[in-house]
Amino acid sequence: MTKPSILVVGSSNTDMIIKVQRIPKPGETILGGQFAMAAGGKGANQAVGAARAGGAVTFIARIGQDMFGDKAIAGFVADGITVKHVVRDRTLPSGVALIFVAENGENSIAVASGANARLTPADLKQAKSAFSKANVVVLQLETPLQTVEAAVKLAANTGARVILNPAPARPLSDVLLRRVYLLTPNETEAELLTGLRVQNDAAAARAADALLARGVENVIITLGARGALVAGRQSQGLVKGYKVKAVDTTAAGDVFNGA
């Protein structure tokens, strides 16, 4: 059976995680946390998720020439991801995320983008062959918006379907959205894109309709423990979530998109 060809364009970070009893308040120091370091970045997380789910994944990203970049490349290769188009930046460091995780699973995250901020349309042109081979192109918003727009345009030219995870949330043009096969916002991101408060399932349905009206082909609004609202031009429905005890919600949306 031939594996689907998946191209992921996006960020790669190293996550430095401290598990604490609760998230510190501004100006507050909390002692007794447990530290861990892990590979992260929305693009990298989604690439790994797609590869582990059985896809043939190629990753386009920009990382630093440092130990974090070395470790990231080794991890991608170990997961069978093609890294031919992962660029090593000569001046900027690899991206880093500092994450607090509370006992109840909530998290607070700050990101230093580093080399991710220098992933440019020129990098995508160098990887044009990867777009021509892709069935699906997966994107997020942790790299410059002009690069995301260029990737969507390249995907449209080659006939690949675009899955866009609009996170971190920011306004997006109708020109971009009309080229998106599947948009996957959470409640906060859907609110920013539509101006509608997503406080219940009915409101989520109205937000999905608004996004479809802007030209998106399909929408999945993730609703946390309630599940996800799936909407297309012909049908709409709620898929209920599984009840689990949250240990760490970091990258939950990335895994969802990768799968």
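Cut-offs and rules
- Numbering of residues begins from 1 in every chain and follows the order in which that chain's sequence is written.
- With the structure being a predicted model, the display of local features is reserved for residues of pLDDT at least 70 and the display and counting of side-chain atom pairs for 80 or more, all residues being used for whole-chain, interface and lining totals.
- Processing note: side-chain calculations cover all non-hydrogen atoms of the structure and skip hydrogens and water entirely.
- Where helices and strands are cited, they refer to DSSP runs of H or I of at least four residues and of E of at least two residues respectively, numbered from the N terminus.
- Radius of gyration here uses only the C-alpha atoms, and the compact-globule reference equals 2.2 Å multiplied by the residue count raised to the power 0.38.
- Residue exposure (1.4 Å probe, protein chains only): buried if accessible area is under 20% of the type maximum, exposed if over 50%, otherwise partly exposed.
- Any two residues having at least one pair of non-hydrogen atoms within 4.5 Å are treated as being in contact.
- Areas reported here follow the Shrake-Rupley algorithm with a probe of radius 1.4 Å; residue values treat only the protein chains shown as occluding.
- We treat Lys and Arg as the positive residues and Asp and Glu as the negative residues; His and chain ends play no part in the count.
- Charge positions are represented by NZ for Lys, CZ for Arg, CG for Asp and CD for Glu.
- Polar contacts, as counted here, are pairs of nitrogen or oxygen atoms within 3.5 Å of one another; within protein the pair requires one atom able to donate a hydrogen and one able to accept it, and residues that are adjacent in sequence qualify only if both atoms are side-chain atoms.
- What counts as a ring pair is set by centres within 6.5 Å for rings of Phe, Tyr and Trp (its six-membered ring), and what kind of pair is set by the plane angle: stacked under 30 degrees, edge-to-face over 60, tilted for all other angles.
- Strand pairing is assigned whenever DSSP identifies at least 2 bridges connecting the two strands.
- By convention, orient the strands away from the viewer: a clockwise path from the first strand over the helix to the second makes the crossover right-handed.
- Joining through side-chain atoms within 4.5 Å is the link that ties buried Ala, Val, Leu, Ile, Met, Phe, Trp, Tyr and Cys residues into a set, and such a set is a nonpolar core.
- Grid points spaced at 1 Å over the protein atoms alone were grouped into cavities, where a 1.4 Å probe fits but cannot get out, and pockets, open sets with protein on both sides within 12 Å along at least five of seven lines, with lining residues defined by an atom within 4 Å of a point.
- Grid points are joined across faces, edges and corners, and a volume is the space filled by probe spheres set on the points.
- For this classification, the nonpolar set comprises Ala, Val, Leu, Ile, Met, Phe, Trp, Tyr, Cys and Pro, the charged set comprises Asp, Glu, Lys and Arg, and every other residue, Gly included, is treated as polar.

## Details of the overall build of the protein
Check the secondary structure of the protein and you find nine helices and 13 strands. Relative to a compact globule of 259 residues, whose C-alpha radius of gyration would be 18 Å, the protein shows 18 Å and is just as compact. Overall size of the protein, expressed as C-alpha extent along the three principal axes, is 50 × 45 × 35 Å. A buried classification covers 45% of the 259 residues belonging to the protein. Sequence separation of at least 24 residues holds for 63% of the intrachain contacts in the protein that already meet a minimum separation of 6. Carbon together with sulfur atoms contributes 54% to the accessible area of the protein, which is approximately 13,400 Å² in total. Distance between charge centres in the protein, computed from 28 positive and 20 negative side chains, equals 6 Å.

## Description of the side chain of Asp 123
Turning to its location among the elements, Asp 123 is positioned in helix α3 (residues 121–126). Only 2.8 Å separates the side chain of Asp 123 from the side chain of Arg 62, close enough to count as a polar contact. Those residues in contact with Asp 123, other than ones at most four positions away along the chain, are Arg 62, Val 87 and Arg 118.

## Section: the packing of aromatic side chains
Considering all chains together, one arrives at one aromatic pair under this definition. With a centroid separation of 5.2 Å and an interplanar angle of 85 degrees, the aromatic rings of Phe 59 and Phe 76 are classed as edge-to-face. Pair noted here: Phe 59 is in strand β4 (residues 56–64) and Phe 76 is in helix α2 (residues 67–78), with a separation of 17 residues, a long-range link. Each of the two residues, Phe 59 as well as Phe 76, counts as buried.

## As for the pairing of strand β5 (residues 86–89)
Pairing of β4 with β5 involves four bridges; the strand directions are parallel. Note on β5: the bridge partner recorded for Arg 62 is Val 87. Since β4 and β5 lie parallel, the crossover through α2 that links them has a hand, and here it is right-handed.

## A closer look at the nonpolar core
Core analysis: the largest hydrophobic core is formed by 41 residues, its most contacted members being Val 9, Phe 131, Val 137, Leu 139 and Leu 164. Of all hydrophobic cores here, the second largest spans 21 residues; its members include Ala 44, Ala 51, Ala 72 and Val 86.

## What about the layout of surface pockets?
Its volume calculated, the second largest pocket comes out at about 480 Å³. Lining the second largest pocket are 24 residues, with Ala 38, Ala 39, Gly 40, Asn 45 and Val 48 sitting closest to its centre. Only β2 (13–19), β3 (34–40), α1 (42–52) and α2 provide two or more residues apiece to the lining of the second largest pocket. When its residues are assigned to classes, the lining of the second largest pocket shows eleven nonpolar, eight polar and five charged.

Function cannot be inferred from these measures alone, as they are strictly geometric.
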